[in-house]
Amino acid sequence: MSHFSRRDGQLYIDNVALASLAAEHGTPAYVYSKTAISEQFLAYQNAMGEQNHLICYAVKANCSLAILNLLAKLGAGFDIVSGGELERVLAAGGQAQKIVFSGVGKSHEEITLALQTGIHCFNIESLAELERIQQIAQSLDIIAPISIRVNPDVDAGTHPYISTGLKENKFGIDIDSVLAVYQHASSLSHVMIKGVDCHIGSQLTEVAPFIDAMDRVLLLIDRLAEAGISIEHLDLGGGLGVRYQDEQPPAIGDYIRAIRQGLGTRDLCLILEPGRSIVANAGVLLSKVEYLKAAGDKRFAIVDAAMNDMLRPALYQAWLDIETVSDNTQASTDVYDIVGPVCETGDFLGKQRSLAIDEGDLLCIHSAGAYGMAMSSNYNSRPRAVEIMVDNNVAHVIRARETKADLMRGESLLPDPR
Ligand SMILES: *Cc1c(COP(=O)(O)O)cnc(C)c1O
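1. Let's talk about the domain arrangement of the protein
Many analyses report the size of an interface as the accessible area lost when the parts associate. Domain boundaries assigned for the protein yield domain 1 (4-32 + 280-408) and domain 2 (103-272). Computed over C-alpha atoms only, the centres of domain 1 and domain 2 are separated by 36 Å. Counting residues at the interface gives 10 residues for domain 1 and 7 residues for domain 2. Sorting the residues of domain 1 by area buried against domain 2 places Asn281, Tyr316 and Trp319 first, and these three jointly supply 56% of that buried surface. At the junction of domain 1 and domain 2, the tally comes to 0 salt bridges. Scanning the region where domain 1 abuts domain 2 turns up 2 residue pairs in polar contact (both at pLDDT 80 or more). Per-class residue counts for the side of domain 1 that touches domain 2 are 5 nonpolar, 3 polar and 2 charged.

Below is the structure:
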């Protein structure tokens with residue numbers, strides 16, 4: 001269900017007018033619908049039916065505490081990729097036993113913290129990491145629950161930067177050589193094999209690559225069983241795509257149904273790690289038009305949000321829908337490139353968009369809930385935006401806009417020369 005509507009020329013998120021939020025909290029501002037996030041998570045949960053499962057929200061998509069807390073209350077587990085994300089999940093009330101820890105570069109400190117916290121599972125990405133986890137677990141005398149991330153060598157048919165399931169990238173262990181790694185793991189004193197894990201990419205708009213990957217992983221699970229290694233869970237990662245423009249990704253329910261069908265009657269706990277599909281379309285970025293400018297044949301709308309607030313267009317040439325927050329019946333419609341104030345030619349939010357706007361008008365940049373705030377930075381010494389969560393007709397600030405003091409925190413000058 002869409003959580004955005006236009007009433008009397010005003011764009012609403014649920015029952016709050018976006019213009020009123022901009023007036024009260026300024027721009028740029030991220031705004032999320034609590035109901036939209038909940039609905040997406042529950043779509044996963046409900047489609048699981050009788051299937052033993054754990055939905056581990058991928059924290060990296062949007063790590064704001066209020067969002068983690070909302071999902072924790074709905075029963076979510078969490079997929080983390082750093083010690084910082086572990087701290088966030090715990091601060092937000094997430095349960096340690098529902099955390100899986102992914103990522104190719106887990107440090108000694110991060111592994112120690114995760115072991116002491118008692119997480120559900122480490123998703124191991126290399127033989128060297130397995131050895132390190134065994135060594136740290138032994139020194140702490142804690143048994144480390146592990147799964148190995150296999151690289152099933154399927155083409156996810158997505159942007160090369162967000163495809164991770166092909167042989168020639170840095171993630172996981174090649175599925176053809178992983179049996180020996182499992183055999184080695186089973187011989188280690190402080191490691192307990194729990195599962196098999198894969199994550200083939202992001203923004204996938206077809207079910208087929210997921211099923212391909214699952215079929216290969218199930219064959220591996222059979223070979224492991226023959227070798228006397230039993231597996232409790234299958235973690236298929238995240239990656240389900242969303243509609244940004246005209247993509248037609250499968251509905252969450254259809255995606256889960258296809259996976260459950262592929263699993264058949266196997267007695268495996270199914271873990272998924274969705275990020276984007278839970279938060280992307282639950283959030284928008286509000287921005288104000290600072291200037292309109294013509295250069296040759298081109299027209300630019302220079303807005304107060306930039307690539308430091310929303311990096312995806314600059315990084316992935318991502319397309320995001322942009323519309324006016326309030327109808328402007330005075331302005332003529334023109335075609336604009338929507339650009340930010342950052343000193344980079346790549347600093348754009350959208351190109352060639354037809355809009356009827358004047359200086360001072362507000363724009364709504366859609367599908368900004370995932371990999372928006374989470375990828376934001378202070379480039380050009382720009383404070384990071386305020387974040388607001390709307391609960392039907394009430395708005396809550398869930399992260400204050402950064403201040404000048406925040407921008408310079410921890411910095412100091414060199415001492416005067418003697
Ligand atoms: C990024 C990532 C996810 C989440 O991917 P989405 O496309 O946002 O669903 C899940 N698991 C791992 C290991 C990841 O790196």
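2. Points about unusual backbone geometry
The step from Thr27 to Pro28 runs through a cis peptide bond, and the omega angle for that step is -5°. Along the chain, Pro28 turns up in the loop between α1 (18-25) and β4 (29-33). Despite not being glycine, Asp153 shows a phi value in the positive range, around 55°. In this structure, Asp153 sits in the loop between β9 (144-151) and β10 (173-174).

3. Structural notes on the nonpolar core
Residues Ile37, Phe78, Phe122, Ile146, Tyr182 and Leu272 are the most contacted members of the largest nonpolar core, which totals 103 residues. Broken down by element, this core gets its largest block of residues, 8 residues, from helix α8 (residues 208-226). If sequence neighbours within four positions are ignored, Tyr182 has contacts with Ser147, Ile148, Ile193, Gly195, Val196, Leu220, Leu224, Ile229 and Ile231. Among the nonpolar cores identified, the runner-up in size contains 18 residues, and Leu11, Val284, Cys364 and Ile388 belong to it.

4. A few points about helix α2 (residues 34-47)
A rise of 1.5 Å per residue sets the reference length of α2, with its 14 residues, at 20 Å; its end C-alpha atoms lie 20 Å apart and thus fit the reference within 8%. Listing the buried residues of α2 in full gives Ala36, Ile37, Ser38, Phe41, Tyr44 and Ala47. The first or second residue beyond α2 is Gly49, which carries a positive phi of 50°.

5. A few points about the site of the ligand
Looking at the ligand, there are 14 residues lining it, with Lys60, Ser202, Glu273, Arg276 and Tyr371 nearest. Contact distances for the ligand include 2.3 Å between an oxygen atom and a side-chain N or O atom of Ser202. In isolation the ligand offers 390 Å² of accessible surface; the protein chains occlude 93% of this area. Looking at the shell around the ligand residue by residue, the classes come out as 3 nonpolar, 6 polar and 5 charged.

6. Re helix α4 (residues 83-91)
Within α4 the residues assigned to the buried category are Gly83, Glu85, Leu86 and Val89. Take α4 and look down its axis: the buried residues cluster within an arc of 155°, on one side only. Residues of α4 that are buried in the fold lie against α3 (65-73), β6 (77-80), β7 (99-101) and α5 (108-117). Measuring from the side-chain oxygen of the N-cap residue of α4 to the backbone nitrogen of Gly84 gives 3.3 Å; that N-cap residue is Ser82. At the exit of α4 stands Gly93, carrying a positive phi of roughly 90°.

Criteria and thresholds
Residues numbered from 1 in each chain as written. Predicted model: local features only at pLDDT ≥ 70, side-chain atom pairs only at ≥ 80, totals over all residues. Heavy atoms only, no water. Domains from an automatic or database assignment. Contact = heavy atoms within 4.5 Å. Buried area = accessible area lost by both parts, 1.4 Å probe. Salt bridge = Lys/Arg side-chain N within 4 Å of Asp/Glu carboxyl O. Polar contact = N/O pair within 3.5 Å; in protein donor to acceptor, adjacent residues only side chain to side chain. Nonpolar A, V, L, I, M, F, W, Y, C, P; charged D, E, K, R; others polar. Helix = DSSP H or I, 4+ residues; strand = E, 2+ residues; numbered from the N terminus. Core = buried A, V, L, I, M, F, W, Y, C linked by side-chain atoms within 4.5 Å. Buried < 20%, exposed > 50% of the residue type's maximum accessible area, 1.4 Å probe, protein only. Expected span 1.5 Å × (residues − 1). Near = heavy atom within 4 Å. Areas by Shrake-Rupley, 256 points an atom, 1.4 Å probe, with all protein chains shown as cover. Arc of directions from axis to C-beta.

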